[in-house]
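# Structural description and commentary
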Amino acid sequence: MLIDPDKWALAQLADMAAAASEGGADAILIGGSLIMAPNFDEMVHAIRSAASIPCIIFPGSVMQISKHADAILFLSLVSGRNPSYLIGEQIKAAPLIQHIGLEAIPTGYMLIESGRVTSAEFMSNTRPIPRDKNDIAKATALAAQYLGMKLVYLEAGSGAQHAVPLEMISAVSSYVSIPLIVGGGIRTPEAAAQCVTAGASFVVTGNVLEKDEGQKLIRDFAEAIHGARRA
Ligand code: 1GP
């Protein structure tokens, strides 16, 4: 479950973290393409204190680092050609991450075209991979694997009009040997389960769970994801 901390007050963040934990989510991702609030560290602390599952930073920039998290997705935007997001932010972040002893999880981050310009696309100033170009997605993911990354993240973008195509998930997952995270625009438990069947090891949902009153939808997603089997 993704929590964009900017959207909530500290007390609400704690409630959401507790709901995610009790609803059966495997982990909480914390971050956003742009964080407007000045107290990221405090927000991560509020989430970490209320959660009983791993809390992992999913950073939009070097400004999203906190010692209160359990780990950070050390992203390189391998679908793009913007050196700042391929290696520049990472050089700024690495010493800070080492200093606070945060676990860094090397992740190849791939934006997939999803119907309209997303915040991730705009903020990173990169072009996403076209939805029907499975060959480009496969080659990009394999390059990430050969560069030593431990995960590939196929991202349609938060609030995406269209989620990552199932055919692309299937094509990429059968081509690489590292686990796939899939997210963006996944709005139903059924759609989440289909991602698993297609080959996703992790499914990320953000927006849809923010509208939930209580844990029912979180639980429905968790059960659908955990009950699905890879085809
Ligand atoms: C974005 O994949 C996440 O990085 C979540 O997207 O908010 O559309 O669920 P949604």
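Use the structure listed above.
Read on for a plain summary of the structure. Within each chain, residue numbers correspond to sequence positions counted from 1 in written order. This being a predicted model, a pLDDT of at least 70 is required before a residue's local features are given, and a value of 80 or more before pairs of side-chain atoms are given or counted; all residues contribute to the totals for chains, interfaces and linings. Remark: hydrogens and water are excluded; side-chain values derive from all non-hydrogen atoms of the structure.

## Description of the overall build of the protein
- The way it works is that DSSP assigns letters per residue, a run of H or I at least four long becomes a helix, a run of E at least two long becomes a strand, and they are numbered from the N terminus. Each helix and strand counted, the protein has 9 helices and 8 strands in total.
- For the radius of gyration, the atom set is restricted to C-alpha positions; the globular benchmark scales as 2.2 Å times the number of residues to the power 0.38. In summary, the protein has a C-alpha radius of gyration of 16 Å against a globular reference of 17 Å for 231 residues, a match within 12%.
- With respect to the principal axes defined by its C-alpha atoms, the protein has extents near 45 × 40 × 30 Å.
- Burial here depends on accessible area, computed with a 1.4 Å probe over protein chains only, as a share of the maximum for the residue type. Under 20% is buried, over 50% is exposed, and the range in between is partly exposed. For the protein, with 231 residues in total, the buried portion stands at 52%.
- Only the protein chains shown count as cover for residues, and all accessible areas are computed by the Shrake-Rupley method using a 1.4 Å probe. As presented, the protein carries roughly 10800 Å² of accessible surface, and 56% of it is formed by carbon and sulfur atoms.

## Quick word on the packing of helix H6 (residues 166-173) against helix H7 (residues 189-198)
- The convention used is that axes are lines fitted to C-alpha atoms, helices contributing only their stretch in contact, and that angles between N-to-C directions extend from 0 to 180 degrees. At a minimum axis separation of 8 Å, H6 and H7 run at an interaxial angle of 30°. As summarised for this structure, H6 and H7 are arranged roughly parallel, according to the angle between their axes. Here H6 runs over H7; the crossing is right-handed. Across the interface between the two elements, Leu166, Ile169, Ser170 and Ser173 of H6 pack against Gln194, Cys195 and Ala198 of H7.
- When residues are sorted by character, Ala, Val, Leu, Ile, Met, Phe, Trp, Tyr, Cys and Pro go into the nonpolar class, Asp, Glu, Lys and Arg into the charged class, and all the rest, Gly among them, into the polar class. Taken together, the residues of the contact of H6 with H7 sort by class into 4 nonpolar, 3 polar and no charged. The scheme is simple: roughly parallel for angles under 35 degrees, roughly antiparallel for over 145, roughly perpendicular for 65 to 115, oblique for anything else. Take the far helix as your reference; a near helix turned counterclockwise from it by less than a right angle gives a left-handed crossing, and one turned clockwise gives a right-handed crossing. The contact criterion used is simple: two residues touch if any of their non-hydrogen atoms lie within 4.5 Å.

## Looking at the site of the ligand
- We call a residue near a given molecule or strand whenever any one of its heavy atoms falls within 4 Å of it. With respect to spatial proximity, 14 residues lie near the ligand, and among them Glu155, Ser158, Gly159, Gly206 and Asn207 are the closest.
- Side-chain atoms alone can form a polar contact between residues adjacent in sequence; in general such a contact is a pair of N or O atoms within 3.5 Å, and within protein one must be able to donate a hydrogen while the other accepts it. Within the side chain of Tyr153, an N or O atom sits 3.2 Å from an oxygen atom of the ligand.
- Alone, the ligand offers 310 Å² of accessible surface; in the complex the protein occludes 96% of this.
- In this analysis a 1.4 Å probe is tested at points of a 1 Å grid over the protein atoms alone, and where it fits but cannot get out there is a cavity; an open set with protein on both sides within 12 Å along at least five of seven lines is a pocket; lining residues have an atom within 4 Å of a point. If over half the atoms of a molecule are within 2 Å of the grid points of a cavity or pocket, the molecule is regarded as sitting in it. At a threshold of 2 Å from the grid points, most atoms of the ligand map onto the largest pocket.

## What to know about the side chain of Ser114
- Among the structural elements, Ser114 can be located in the loop between strand S5 (103-111) and helix H4 (119-124).
- Filtering out sequence-adjacent residues up to four positions away, Ser114 remains in contact with Arg131, Ala156, Ala160, Gln161 and His162.

## Some details on the layout of surface pockets
- Grid points are joined across faces, edges and corners, and a volume is the space filled by probe spheres set on the points. Considering only enclosed or pocket space, the largest pocket measures out at about 770 Å³ in volume.
- Taken together, 46 residues make up the lining of the largest pocket; nearest its centre are Gly32, Ser33, Phe58, Tyr109 and Ala120.
- Where the lining of the largest pocket is concerned, the elements lending two or more residues are strand S4 (71-77), helix H3 (83-100), H4, strand S6 (151-155) and helix H8 (207-210).
- In terms of residue count, S4 provides more of the lining of the largest pocket than any other element does, 6 residues in total.
- Reported here for the second largest pocket is a volume of approximately 490 Å³.
- What lines the second largest pocket is a set of 25 residues, and nearest its centre among them are Met1, Asp26, Ala27, Phe202 and Val203.

## Examining the pairing of S4
- Counting buried residues in S4 gives 6 out of 7 residues, a clear majority hidden from the surface.
- Two strands are counted as paired when DSSP detects at least two bridges linking them. The sheet contact formed by strand S3 (residues 55-57) and S4 spans 2 bridges and is parallel. The residue of S4 that forms the bridge with Ile57 is Ile72.
- Sheet topology places S4 next to S5; 7 bridges connect them, and they run parallel. By the bridge assignment for S5, Phe74 is matched with Pro106.
- Viewed with both strands pointing away, a crossover whose connecting path from the first strand over the helix to the second turns clockwise is right-handed. Handedness of the β-α-β unit built from S4, H3 and S5 comes out right-handed.

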